[in-house]
Amino acid sequence: MPDELLQRLRNFQTDAFPQHRSHFRLLVDDGQHPTTLFIGCSDSRLVPYLLTGTGPGELFLVRNVGAFVPPYDGSAGFHGTAAAIEYAVLNLQVTRIVVCGHSHCGGIRALYGEVDPRATNLARWLDLGREAVLPVAEPGPEVLRRTEQRAVVLQLERLMDYPMVRERVEARQLSLHGWHYVIEDGEVHVFDVQRGGFVPAADADNAGTGPYHAHPLLDHGEAVLGLDACGVPGGS
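What you see is a predicted model; the values in this text were computed from it and never measured.

J.: Tell me about the overall build of the protein, and please be specific about residues and values.
T.: Secondary structure assignment for the protein yields 7 helices and 6 strands. Listing the helices and strands of the protein from first to last along the sequence gives α-β-α-β-α-β-α-α-α-α-β-β-β. Expressed as a percentage of the 236 residues in the protein, the buried residues total 42%. Entry remark: accessible area of the protein is about 13,000 Å², with carbon and sulfur atoms responsible for 54%.

J.: Give a description of the side chain of threonine 36 that names residues and reports values.
T.: Looking at where threonine 36 falls in the secondary structure, it is placed in strand 1 (residues 36–41). A polar atom in the side chain of threonine 36 sits 3.1 Å from the side chain of arginine 96. Beyond its immediate chain neighbours, meaning those up to four positions away, threonine 36 contacts Glu58, Leu59, Phe60, Val94, Arg96 and Val98.

J.: Quick rundown of the packing of aromatic side chains? Include the residues and the values.
T.: Working definition: an aromatic ring pair is given by the centre-to-centre distance plus the angle between the planes. Applying the stated criterion to the full structure yields 7 aromatic pairs. Feature note: the residues Phe12, Phe17 and Phe24 constitute an aromatic cluster, connected by ring pairs.

J.: Please give an account of the pairing of strand 6 (residues 197–200) that cites residues and values.
T.: Both strand 5 (residues 187–192) and strand 6 contribute to a ladder of 4 bridges, which runs antiparallel. Bridged to aspartate 192 within strand 6 is glycine 197. The loop that links strand 5 with its antiparallel partner strand 6 comprises 4 residues; one of these, glycine 196, has a positive phi angle of about 80 degrees.

J.: Go over empty space enclosed by the protein with me, naming the residues and quoting the values.
T.: Under the counting rule described, the total for this entry stands at 1 cavity of 30 Å³ or more. What the largest cavity holds in volume is close to 40 Å³. Around the largest cavity sit Cys41, Gly66, Gly101, His102, Cys105, Ile108, Glu148, Ala151 and Val152, which together line it. Elements supplying a minimum of two residues to the lining of the largest cavity: strand 3 (96–102) and helix 6 (141–159). The element that contributes the greatest number of residues to the lining of the largest cavity is helix 6, accounting for 3 residues. Classifying every residue of the lining of the largest cavity gives 5 nonpolar, 3 polar and 1 charged.

J.: How would you explain the packing of helix 3 (residues 80–91) against helix 7 (residues 163–170) if you had to name every residue and give the values?
T.: Where helix 3 meets helix 7, the axes come as close as 9 Å, and the angle between the chain directions of the two elements is 40 degrees. When the axis of helix 3 is compared with that of helix 7, the two are oblique. Relative to helix 7, the crossing made by helix 3 is left-handed. Every residue of helix 7 that contacts helix 3 at Ile85, Glu86, Val89 and Leu90 is listed here: Met164, Val165 and Arg168.

J.: An account of unusual backbone geometry is requested, with residue identities and associated values reported.
T.: Backbone geometry follows two general trends: most residues other than glycine have a negative phi, and most peptide bonds adopt the trans configuration. For glutamine 93, which is not glycine, the phi dihedral falls at a positive 50 degrees. Assignment of secondary structure puts glutamine 93 in the loop between helix 3 and strand 3. On the accessibility criterion, glutamine 93 (52% relative accessible area) is exposed. In this model, arginine 172 sits at a positive phi of 65 degrees, which is unusual for a non-glycine residue. Of note, arginine 172 is situated in the loop between helix 7 and strand 4 (175–182). Here arginine 172 falls in the exposed class, since its relative accessible area comes to 63%.

J.: Can you break down the sheet that holds strand 3 residue by residue, with the values?
T.: The sheet built from 6 strands is open, its strands ordered 2-1-3-4-5-6 with mixed pairing. With one partner strand each, in any of the chains shown, strand 2 (59–64) and strand 6 form the two edges of the open sheet. Across the sheet, the mean angle separating the axes of adjacent strands is 25 degrees when strand polarity is ignored. Relative to strand 5, strand 4 runs antiparallel, the two being bridged by 4 bridges.

About the thresholds
Residues numbered from 1 in each chain as written. Predicted model: local features only at pLDDT ≥ 70, side-chain atom pairs only at ≥ 80, totals over all residues. Heavy atoms only, no water. Helix = DSSP H or I, 4+ residues; strand = E, 2+ residues; numbered from the N terminus. Buried < 20%, exposed > 50% of the residue type's maximum accessible area, 1.4 Å probe, protein only. Areas by Shrake-Rupley, 256 points an atom, 1.4 Å probe, with all protein chains shown as cover. Polar contact = N/O pair within 3.5 Å; in protein donor to acceptor, adjacent residues only side chain to side chain. Contact = heavy atoms within 4.5 Å. Phe/Tyr/Trp six-rings, centres within 6.5 Å; stacked < 30°, edge-to-face > 60°. Pairing = 2+ DSSP bridges. 1 Å grid on protein atoms, 1.4 Å probe; cavity = no way out; pocket = protein on both sides within 12 Å on 5 of 7 lines; lining within 4 Å. Points joined across faces, edges and corners; volume = space filled by probe spheres on them. Nonpolar A, V, L, I, M, F, W, Y, C, P; charged D, E, K, R; others polar. Axes fitted to C-alpha atoms, helices over the stretch in contact; angles between N-to-C directions. Parallel < 35°, antiparallel > 145°, perpendicular 65-115°, else oblique. Left-handed = near helix turned anticlockwise from the far one by under 90°.

What follows is the structure in C-alpha cells.
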C-alpha cells in the first residue's frame, strides 16, 4: 500500500522547497524574526498561514485545544503554551499576540457535555474555558458562537497575568488581538473593545484591539465597561 505521507514529504523537497530555497537559507543565516505570536486552536480547519497571508518566518505558532492560555502561576512546570508565550515575548520580542478561536469548535462544545473519562488531561485543560460558559442546559448555535468569542477574550485577559506581557503592553511595545474565525464564511471577526464586541474584518478599521489596548473605555487594565466578564456583550 503506498505511503501517502512519505510521498508528500518527497514532493515538498522536490517541488515546493526549490521555490523557497533562498528564503529558507536567509531564515537559517539570519535566524527567525517573527513579529506575531499566533495562539490558535488545533482544529485542522484553522490554517494560520492561509488566514493571514503569511509565509515561513512570519508567525510563531502555538496550537492547542480551544486556543487556551494557561494561567501564569510561576510553577516552572511542563507548560508548553506558557513556555511559548515567554519565549515569544522575551526572546523573539514579538509585537503582536493573536488569540484565534473559530466556529464549530469541538473544545468549546465539550464544555457543555461529558468528556471521555480516559481523557484526563483534556478534561483538566478544558477548565481553562469554563468561565466563558453560559448558563444554558443545551447550547444552540448562537450560544456556542458567543461562548467561542467569550473564550477568546478570556484568554486575552489571562495573557495580561504574564509579567512580561503586561510590561510590554503597558510600554506600548506589544498589542493583543482576539479573533474568531467563521469557517463556513471564510471571515474573521476581530474583537474591538471600542465597539464592545466582535466585528467582521470587512467592517473593521483595525485588526482587533485587546481588552487592555489604551482608549477612554479602559482604566489601567480593568475590565471593559459595559461588557460582561469576558468582554462580550451578554445579549449579543
